[in-house]
Amino acid sequence: MHDVADFLFSPHRMINSGVGKSTFIKILSGAQPIDSGEVERGETIVLGVYDQMGLVVPKEEMSVMEFVISEVKDSQGDALAEAPDQARKLLVQFEFPRERWAERISMLSGGERRRLQMLSVLSKNPNFLIHHTSND
């Protein structure tokens, strides 16, 4: 016998605090293993999570350009030669002035970090986007 958990996603759905949203999203994205059972996602699903915890970077001392190039490389795989051009296009689309491209991420304002976070999420070309914010 199999227990099946179905979850209905609908636009702008608010879910109460403390019911496991963060855990559910981490499991769905593969960031956290499940205790039992399995998670099946469609083959064509590309999940993007704009998380309440903000931008997570491997090194705060990376420049904005270095970070964006690494995000593009992660999402493009074989097209590594095109990564710098794609990174420049994304930075322009997200209205980062050219003089900020060499700036260390640690020096960005809160709003700039949020824009960089959204750029990071959308650079993966998700077709299913979750905006995970707190209910505060």
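A.B. asks: What is the right way to read unusual backbone geometry from this model?
C.D. replies: Most peptide bonds take the trans form, and the phi angle of most residues other than glycine is negative. Residues other than glycine seldom take positive phi values, yet Glu95 does so here, at roughly 60°. Looking at where Glu95 falls in the secondary structure, it is placed in the loop between helix H3 (83–93) and helix H4 (110–122). Classification of Glu95 as exposed rests on a relative accessible area of 64%. The backbone phi angle of Asn125 is positive, close to 55°, even though this residue is not glycine. Relative to the assigned elements, Asn125 resides in the loop between H4 and strand E2 (128–132).

A.B. asks: I keep staring at the nonpolar core and nothing clicks. Help me out?
C.D. replies: Soluble globular proteins tend to bury their nonpolar side chains together. Within the largest apolar cluster, 20 residues are counted, with the highest numbers of intra-cluster contacts made by Phe67, Val68, Leu91, Ile105 and Leu116. For this core, the secondary-structure elements that each account for two or more residues are helix H2 (64–76), H3 and H4. Ranked by residue count, the leading element in this core is H2, at six residues. What Leu91 contacts, discounting residues up to four positions off in sequence, is Val64, Met65, Val68, Phe96, Trp101 and Leu119.

A.B. asks: Explanation requested: the pattern of salt bridges in the structure shown.
C.D. replies: Any two side chains of opposite charge can pair, given that their charged atoms come close. The full count for this structure, using the stated rule, is six salt bridges. The partner of Glu61 in a salt bridge is Arg104, with the nearest N and O atoms 2.7 Å apart. Taken as a pair, Glu61 in the loop between strand E1 (47–51) and H2 and Arg104 in the loop between H3 and H4 lie far apart in primary sequence, 43 residues in all. Ionic pairing is found between Lys124 and Glu71, a salt bridge with its closest N-O pair at 2.7 Å. In this pair, Lys124 sits in the loop between H4 and E2 while Glu71 sits in helix H2, placing the two residues 53 residues apart along the sequence. By relative accessible area, Lys124 is classed as partly exposed at 30%.

The rules behind these values
- Residues numbered from 1 in each chain as written.
- Predicted model: local features only at pLDDT ≥ 70, side-chain atom pairs only at ≥ 80, totals over all residues.
- Heavy atoms only, no water.
- Helix = DSSP H or I, 4+ residues; strand = E, 2+ residues; numbered from the N terminus.
- Buried < 20%, exposed > 50% of the residue type's maximum accessible area, 1.4 Å probe, protein only.
- Core = buried A, V, L, I, M, F, W, Y, C linked by side-chain atoms within 4.5 Å.
- Contact = heavy atoms within 4.5 Å.
- Salt bridge = Lys/Arg side-chain N within 4 Å of Asp/Glu carboxyl O.

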